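Listed below, chain by chain, are the residues.
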Amino acid sequence: MDFFNIFIGDTTWTFILEILVRCFLMFIIIISFLRLSGKRGVRQLSLFELAIILCLGSAAGDPMFTKDLPISHAFVVFIVILFLYRLVTWAMVKHKKIEDLLEGRALCVVKDGLLVYKDFQKQSYSHDEFFSEMRQQNVEHLGQVRTALLESDGILSLLYYEDEEVKWGLPLFPDAYCKADVLKINTFYSCMKCGETKILNTLDQECSRCKHHSWAKSLKTRRLG
Ligand SMILES: [Zn+2]
């Protein structure tokens, strides 16, 4: 293996200097572009925005160090993408259908303290991921949650019950989210798959909502913080 070739190749000091200038110019173009896109900042990218960023990535990086690639090419790419971005954003504001198509729709994943099973199956978001997201919002069990929406940018929006309205619900923390092995009378149990909560006759009873067979002891604690 020729390490000289890998690291140095036919680099000249003149080209190193050129790289400096190219980086400087591309940096200014990238910043100007991002400002012109009208976005204020990036916390979560929608799929559409991620696609735009991917398209731009190579157009932005290559001209910084590729000898035969004039910056004007990248500039044209940027102008075209900026135009498309603005056009599509405008169309999404005008037509809800285009927005749903490109960004995806918000999905209702919890309603009245129960997992909305149909919607939950539709999206490729695992129980684990979802529970972890709720735990980070200090949700101890589903009985505290009136509604949970999974927004198109992946953020979970939660509405809670008032303290006095909190119901028995499925625990979300690992120490309590475990299969119950003793059946107690007049005690609520929650289906570990869909959150259905009821008093059981036997511990291997089938869940009437999702046909699942494992139950965890329900919680009814109030929300802290
Ligand atoms: Zn169930």
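Small disclaimer: the values here were computed from a predicted structure and weren't measured.

Caption draft 1: Structural view of helix α2 (residues 13-36). Between its terminal C-alpha atoms α2 stretches 35 Å, which fits the 34 Å expected from 24 residues at 1.5 Å a residue. Of the positions making up α2, those classed as buried are Phe15, Arg22, Met26, Ile29 and Phe33. Among the structural elements, α3 (47-65) and α4 (71-94) are those in contact with the buried residues of α2. The first or second residue beyond α2 is Gly38, which carries a positive phi of 90°.

Caption draft 2: Highlighting the pattern of salt bridges. The tally for this structure, following the rule as stated, stands at three salt bridges. Between Lys96 and Asp100 there is a salt bridge, and its shortest N-O distance comes to 2.9 Å. Of this pair, Lys96 and Asp100 are both found in helix α5 (residues 96-103), four residues apart, which corresponds to roughly one turn of the helix. Close ionic contact of Glu165 with Arg146 constitutes a salt bridge, the shortest N to O distance being 3.3 Å. With a gap of 19 residues between them, Glu165 in the loop between β4 (156-160) and β5 (188-191) and Arg146 in strand β3 (residues 145-150) connect regions that are remote in the sequence. The partly exposed category is assigned to Arg146, whose relative accessible area is 31%.

Caption draft 3: View of the coordination of the zinc ion. Donor atoms from the polypeptide that bind the zinc ion are Cys191 (SG), Cys194 (SG), Cys207 (SG) and Cys210 (SG), placed at 2.3 Å. Taken together, the four donor atoms coordinating the zinc ion span angles of 100 to 115° at the metal, a pattern that classifies the geometry as tetrahedral. Counting gaps between the donor residues of the zinc ion yields the pattern C-x2-C-x12-C-x2-C. Linking Cys191 in strand β5 with Cys210 in the loop between β6 (197-199) and β7 (215-217), this pair joins segments that are 19 residues apart in sequence. With respect to class, Cys191 is no different from Cys210; both count as buried.

Caption draft 4: Molecular detail of a nonpolar patch on the surface. Together, Leu17, Leu20, Val21, Phe24, Leu25, Phe27, Ile28 and Ile31 make up a nonpolar patch on the protein surface, roughly 800 Å² of accessible area in all. Tracing the backbone through its elements, the reader meets Phe24 in helix α2. For Phe24, a relative accessible area of 54% translates into the label exposed.

Caption draft 5: Molecular detail of the UniProt feature "transmembrane region" (unreviewed entry) in the protein chain. Feature annotation in UniProt assigns "transmembrane region" (unreviewed entry) to the following positions: residues 12-34, 46-65 and 71-88. End C-alpha atoms of residues 46-65 are separated by 30 Å, and the span's content is 95% helix alongside 0% strand.

Caption draft 6: Seen up close, the packing of α2 against α3. Between α2 and α3, the shortest axis-to-axis distance is 6 Å and the interhelical angle comes to 155°. In terms of their interaxial angle, α2 and α3 are classed as roughly antiparallel. Across from Phe15, Ile19, Arg22, Cys23, Met26, Ile30 and Phe33 in α2, the residues of α3 making contact are Leu56, Ala59, Ala60, Pro63, Met64 and Phe65. Classifying every residue of the contact of α2 with α3 gives 12 nonpolar, no polar and one charged.

Caption draft 7: Spotlight on unusual backbone geometry. Unlike most non-glycine residues, Asp112 shows phi in positive territory, near 50°. Assignment of secondary structure puts Asp112 in the loop between β1 (107-111) and β2 (114-115). Using a relative accessible area of 37% as the deciding quantity, one classes Asp112 as partly exposed.

Caption draft 8: Here's a closer look at the sheet that holds β4. Within the open sheet, the four strands sit side by side as β2-β1-β3-β4. Their pairing is antiparallel. Each having just a single partner strand, β2 and β4 make up the two edges of the open sheet. Sheet topology places β1 next to β2; two bridges connect them, and they run antiparallel. Bridging across to β2, Lys111 finds its partner in Leu114. Helix α7 (residues 127-136) rests against β1, β2, β3 and β4 of the sheet, and its axis sits at about 55° to β4.

Procedures and definitions
Residues numbered from 1 in each chain as written. Predicted model: local features only at pLDDT ≥ 70, side-chain atom pairs only at ≥ 80, totals over all residues. Heavy atoms only, no water. Helix = DSSP H or I, 4+ residues; strand = E, 2+ residues; numbered from the N terminus. Expected span 1.5 Å × (residues − 1). Buried < 20%, exposed > 50% of the residue type's maximum accessible area, 1.4 Å probe, protein only. Contact = heavy atoms within 4.5 Å. Salt bridge = Lys/Arg side-chain N within 4 Å of Asp/Glu carboxyl O. Donors = N, O, S within 2.8 Å, 3.2 Å for Na, K, Ca; no water. Tetrahedral: all angles 85-135°; square planar, octahedral: opposite > 155°, others 65-115°. Patch = residues over 30% accessible without salt bridge, like charges linked within 9 Å, V, L, I, M, F, W, Y side chains within 5 Å. Areas by Shrake-Rupley, 256 points an atom, 1.4 Å probe, with all protein chains shown as cover. UniProt positions renumbered as here; feature names shortened; annotations may be inferred. Axes fitted to C-alpha atoms, helices over the stretch in contact; angles between N-to-C directions. Parallel < 35°, antiparallel > 145°, perpendicular 65-115°, else oblique. Nonpolar A, V, L, I, M, F, W, Y, C, P; charged D, E, K, R; others polar. Pairing = 2+ DSSP bridges.

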